[in-house]
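For reference, the chains in residue letters:
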Amino acid sequence: MAKFLHRRNGTYYFHKKIYDPTKQKTLFIRKTLNTKCYNSAKTLASLINYKICRYLELGKIMTKEEIEEITFQYLSRAIEEYDDLEDLRHETNTISIRGNTYEGSTEKAIISKLNDFKAIDEKRDFDEVKKIVDEEIIPRCGIEPSLLKELQKKKMFYWKMFKYEIELLASDLSRYNEYSANNVLIQQEKLYPSNTPVIIEEPKTLNIKEDNNFNDVEKENKEVPEFDILISKISQYLSVRRGISDKSIKSYIGSYIVINETFPHKRIDEITLQDLEYLEDIVIHLPKNRKKGKLTRELPILEQVDFVKKVLEERDNDIYDEKYEDLETLSADTINNYFDRIKFFISFCSEKYQFKNPFNKLVMESFRVNKDASLDKFPLSDDDIKIIFNEFDYLNKKLFFTLKNNPLKVYGIFFTLFLGMRPSEIGQLMVTDLKTTTNKDDETIYYLEVSKEDTSKKKTLATQKKTKTRYSKRKLPLTKIFLEDLKFLDFVEHRKANNHEFIFIDKEIEEKKLKEAIKNNVRRCEDTFNSRIKKFSNEIEDLDKKSYYSLRHSFANKIKMVPETLRDKRGESLMGHTRNNSELFNRYGNKYFEPDFLYEILETVEYGELNLEKFTEQIERLF
């Protein structure tokens, strides 16, 4: 309907030429839509044009009053930005993509802004959040200046303001569909019935991805039972359907019980969104070891939280009491676990007992701190890596034993250092993931295909692999270090000759236990590395921030030094990453993500002087 829209001084008008058969002349309809919002104007233009056409089919011309009635009825129901403060929000949400401008209340602009804010939320970058609140949100919040001055001293104020902005955007997005043109057309048809039959398409629904898949939950329509019975039901589900150990289930229950402690007189289906916000505050202020610590173990949960808040407030005012010096709140990772488990529990109960889930996924989400090694590990320097290769016993005097019994511990280090692969990606490699292609000179390039697909084409193995994100799928060429020094092609042929499907998992393992075997093999690889590196506290700086995952950061630092990795985004492909709103993919249809274009980047990766002769010698002994 954009062709019927015109804008003057920011306000939209409807313009349309029609032919009046009764007067045998062309008429020009011009009507202000009383809105500066493009989304509302577009919908209104659609409505008015629809009704004008219906009237013309009946040989009638709509009157000015009838058009004004449509506008009034719509604006009384739809999203509308009435004042200057909302105009500011509309302005800050307006975006430009490839030369096209999408105004702040359009679906594309809202989704873009929401995705940007969620990405910032996940990074936990307070400086970025503070800047957005100060520059975008506060100017239109209407808070008294004197009160604002006090509020701006507290970090929590900024997080809460940012959180509600995310919720506001999500609300806009949900209402966008509710007030879409098709939905309003249906309402208008009820207001202005016509004898002329018209087919109106069903309104489109937003494709919202659920966090949890509960397709395997047995639904029950009876009344929601007591909390103890719910705990029993979810424990059984986690054990039987999800295969979670009794030890892990016990730790989950500790999180679930917080719900009942906070709301002892409410059934789970009576908990509201406001209750969840309150619960969020409770979890954030829970004391560490609350059921064991002398100061808190005798107190009910709400008194524990009040006690903690009081101590924290005193500390903010530089008042410290020695008897409270050991009192701490839960770590960020533990808070994250509580939020995830509470959300899972409520969603499970909602699915099982068929009540409306009050859990807006943005609640609690905005205070999550993702337990992501990529955010808290430092890269290893060339000197660190030299120490590792010279001093780790399983890379020296026990090298052959390690290669024979658990080769992932050796090859895994090289794959992460020189290809940037995640340990989980290495652990699930199949012999059929090793493939070939050719470059422009018709030379053979060997590469590994990182994907969750079962390249062996055996249906029984199809569920054993996974990728971290959809961008993790990539093709990684093998450089000279793998072909010549590490004899990787010979190693894979050796595995094939012994009828192994996986490069690092033996055929003797039952297929139903493969996923667990892969997970354990990767864990052993990481744990062995991490336990050995702890012994070098005097030689390696910032040791507490370095682990196996630091090898991947070392790789990232190396490829950042190559200009092409940033210019054409090959670096993102090598890492299996993408930036927010990045337009990289389809990767497999883009030449810059093919092995021959990635090869030249990988050939530049070096780590000082590493003597690989001993590896070549011991690997050849295997064959």
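Let us look at the structure shown here.

1. Some details on the side chain of Lys16
In this fold, Lys16 is placed in strand S2 (residues 11–20). Reaching out from Lys16, the side chain makes a polar contact with the side chain of Asn49 at a distance of 2.9 Å. Lys16 has contacts with Phe4, Leu27, Phe28, Ile29, Asn49 and Ile52, leaving out every residue within four places of it along the chain.

2. Some thoughts on the pairing of S2
A large share of S2 lies buried, amounting to eight of its 10 residues. Here four bridges tie strand S1 (residues 5–8) to S2, and the two strands are oriented antiparallel to one another. Looking at S2, one finds that His6 is bridged to Tyr13. Here S2 pairs with strand S3 (residues 25–32) via eight bridges, running antiparallel. Note on S3: the bridge partner recorded for Tyr13 is Thr32.

3. Considering the sheet that holds strand S8 (residues 474–477)
Strand order across the open sheet formed by three strands is S6-S7-S8, with antiparallel pairing between neighbours. Where the open sheet ends on each side, the last strands, each with one partner, are strand S6 (434–438) and S8. Neighbouring strand axes in the sheet, compared pairwise and without regard to direction, differ in orientation by 40° on average. As paired strands, strand S7 (residues 444–450) and S8 are joined by four bridges and run antiparallel to one another. Looking across to S8, one finds that Leu448 is bridged to Leu476. Packing of helix H25 (residues 595–602) onto the sheet brings it into contact with S6, S7 and S8, and relative to S8 it is tilted by some 50°.

4. Comments concerning the packing of helix H11 (residues 273–284) against helix H13 (residues 332–353)
At a minimum axis separation of 10 Å, H11 and H13 run at an interaxial angle of 150°. Accordingly, the angle class assigned to the pair H11 and H13 is roughly antiparallel. As H11 packs across H13, the resulting crossing turns out to be right-handed. Residues Leu276, Leu279, Glu280, Val283 and Ile284 of H11 touch H13, and the partners they reach there are Ile335, Tyr338, Phe339, Ile342 and Ile346. By residue class, the composition of the contact of H11 with H13 is nine nonpolar, no polar and one charged.

Conventions we followed
- Residues numbered from 1 in each chain as written.
- Predicted model: local features only at pLDDT ≥ 70, side-chain atom pairs only at ≥ 80, totals over all residues.
- Heavy atoms only, no water.
- Helix = DSSP H or I, 4+ residues; strand = E, 2+ residues; numbered from the N terminus.
- Polar contact = N/O pair within 3.5 Å; in protein donor to acceptor, adjacent residues only side chain to side chain.
- Contact = heavy atoms within 4.5 Å.
- Buried < 20%, exposed > 50% of the residue type's maximum accessible area, 1.4 Å probe, protein only.
- Pairing = 2+ DSSP bridges.
- Axes fitted to C-alpha atoms, helices over the stretch in contact; angles between N-to-C directions.
- Parallel < 35°, antiparallel > 145°, perpendicular 65-115°, else oblique.
- Left-handed = near helix turned anticlockwise from the far one by under 90°.
- Nonpolar A, V, L, I, M, F, W, Y, C, P; charged D, E, K, R; others polar.

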